[in-house]
Structures are given as structure tokens and as C-alpha cells.
Amino acid sequence: MATQSEARRAPPRHVAIIMDGNGRWAAARGKPRAFGHRQGVEAVRGAVRAAGDLGLTHLTLFGFSTENWRRPAEEVDALFALLKRFVAADLDRLVAEGVRVRVIGRREGLSADILDIIRDAESRTAENTRFNLTIAFNYGGRDEIVRAAVRAAADGGDLADLDEDGFAAHLDTASLPDPDMLIRTSGERRLSNFMLWQAAYAELIFMDVLWPDFSREHLEAAIEDYRGRERRYGGLSHV
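- For the protein chain, the name recorded in an unreviewed UniProt entry is Isoprenyl transferase, with Marinicauda salina as its organism.
- UniProt's Function (unreviewed entry) comment on the protein chain is quoted here verbatim: "Catalyzes the condensation of isopentenyl diphosphate (IPP) with allylic pyrophosphates generating different type of terpenoids."
- Under Sequence similarities (unreviewed entry), UniProt gives the following word-for-word description of the protein chain: "Belongs to the UPP synthase family."

Have a look at this one:
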């Protein structure tokens, strides 16, 4: 039987990533921001492959936030086009490789073609169990919590009896485990309204690499950092 110390240092099961730095990566090369987003999709493909190879069972990627609507229209259009391209190019492979795809976030306000793409990806992969890929799209942590509260109230139960588990059952991530580790690239050190409820006890790892340059080696380094930490969940150290 593994000791308590060994169990604390087990690899993560669920990793969430704030993919930051596409625009700066492009600017450093004298290219438009859309060029950086296109290269960021290649980093997504690499991260999904690496996560599966390294034994993760869940990967959640922050693709488009509710605040991203404030960006120039041409950049928003480019981000939507990249979601279409990623699904069109990769969905058959994800289906064949046993990857289940989920998209979390607010569906209201998305165009019909984007909604069709999301539904198609989710339905075609619904029975897959080998690996779970979740894309946070048109997502904001505060917005998710408010929508969950509305759903809980609409259920008609006594809100005075609502506990944390009951509330979490109304979140977009109700069927997913909380992330063990949350990575943010680009050197920024903030959550930017991402998984505010779910990341309460996640280990936070901030990396100076810009997202288009994120590689398997960076993910391995983050996992090693995680494995060297002691997760106490508010308790005392066992050392």
C-alpha cells in the first residue's frame, strides 16, 4: 500500500490550462494576432497528445472567455474560425482515439454554425472514455457560478439546504473532477475568471513560455513541479 506521502505526490489526473500569449508571440515576429492564434492551435494539438501520453485523464483548455468579446471583431472572428478548423480537422481522430470532447460556457449568443459544431463534437464523442478534453468557450467563472445559482433556484428545492456538492452539481463541470493543477502560460500570474469554483484547491503553476511555444517538455516540467508539492486541502503538513 502506498504511503500517505507517496499518495500526495501522485501525478495529477486533471490539468487545466489558461493558454495565454498568442498575441505577444505573433507581435514578436511582426505578425498579426490571428497568426499567433493559428499557431496556438498547433500547441493545443500537441498538449492533447502529450497529456494522454503522460497519463492524464482530463485536460481543460481556456479557449475563449466572456471578456474576449471586447477584442476587435476581426480577432473574435479569427478565434471562432480556429474552433471550426480544429474540430473539422481533428474530430475524426479524437473519435478514433477515444477522446471525449465537452464544451463548457454560455451557449447563448453563439452563432448557429458554432453551436452545430459543438453539438456534433459532443455527440460523436459522448461514449468515449479513454481521455476527456474540455474546452472552455464563451466561458467566465463568475458567469458560470451565477448560471449555476439560477439553475439551483429553478430546481424548486429549499436553497437553505443547498450544500457545496449540491451547488457543484449545477455547474458546467458537474460531471468532471476538479482540476488538480492549473497552468497559465505567458508569465502572467492571475486566474482571469477561469474555473473560480473548481480551482479552489488546485496547484497553480505559472510558466514564462508563450502558448504557441508550449511543448510536451513544458507539461512534463509542470507535472514534476506538481509532484513535488504537498497538497493539504487546508490541513496540516505531514512532514
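## Section: empty space enclosed by the protein
Thinking step 1. This model, assessed by the stated rule, comprises one cavity of 30 Å³ or more.
Thinking step 2. Approximately 90 Å³ is the volume found for the largest cavity.
Thinking step 3. What lines the largest cavity is a set of 13 residues, and nearest its centre among them are Phe-86, Val-87, Val-101, Ala-121 and Ile-135.
Thinking step 4. Counting only elements with at least two residues in the lining of the largest cavity, the list comes to α4 (73–96), β3 (99–104), α5 (112–124) and β4 (131–139).
Thinking step 5. Residue contributions to the lining of the largest cavity peak at six residues, all from α4.
Thinking step 6. Tallied by class, residues from the lining of the largest cavity come to 12 nonpolar, no polar and one charged.

## Topic: the layout of surface pockets
Thinking step 1. The calculated volume of the largest pocket comes to roughly 700 Å³.
Thinking step 2. Lining the largest pocket we find 30 residues, and of these Met-19, Phe-62, Gly-63, Phe-64 and Leu-79 sit closest to its centre.
Thinking step 3. At the level of elements, α2 (22–27), α3 (33–53), β2 (58–65), α4 and β4 are the ones that each hand at least two residues to the lining of the largest pocket.
Thinking step 4. When grouped by side-chain class, the residues that make up the lining of the largest pocket number 15 nonpolar, nine polar and six charged.
Thinking step 5. In this model, the second largest pocket occupies a volume close to 340 Å³.
Thinking step 6. Lining the second largest pocket we find 18 residues, and of these Asp-178, Trp-197, Gln-198, Ala-200 and Tyr-201 sit closest to its centre.
Thinking step 7. Residues of the lining of the second largest pocket, tallied by class, amount to 11 nonpolar, two polar and five charged.

So, how was this worked out
Residues numbered from 1 in each chain as written. Predicted model: local features only at pLDDT ≥ 70, side-chain atom pairs only at ≥ 80, totals over all residues. Heavy atoms only, no water. UniProt positions renumbered as here; feature names shortened; annotations may be inferred. 1 Å grid on protein atoms, 1.4 Å probe; cavity = no way out; pocket = protein on both sides within 12 Å on 5 of 7 lines; lining within 4 Å. Points joined across faces, edges and corners; volume = space filled by probe spheres on them. Helix = DSSP H or I, 4+ residues; strand = E, 2+ residues; numbered from the N terminus. Nonpolar A, V, L, I, M, F, W, Y, C, P; charged D, E, K, R; others polar.

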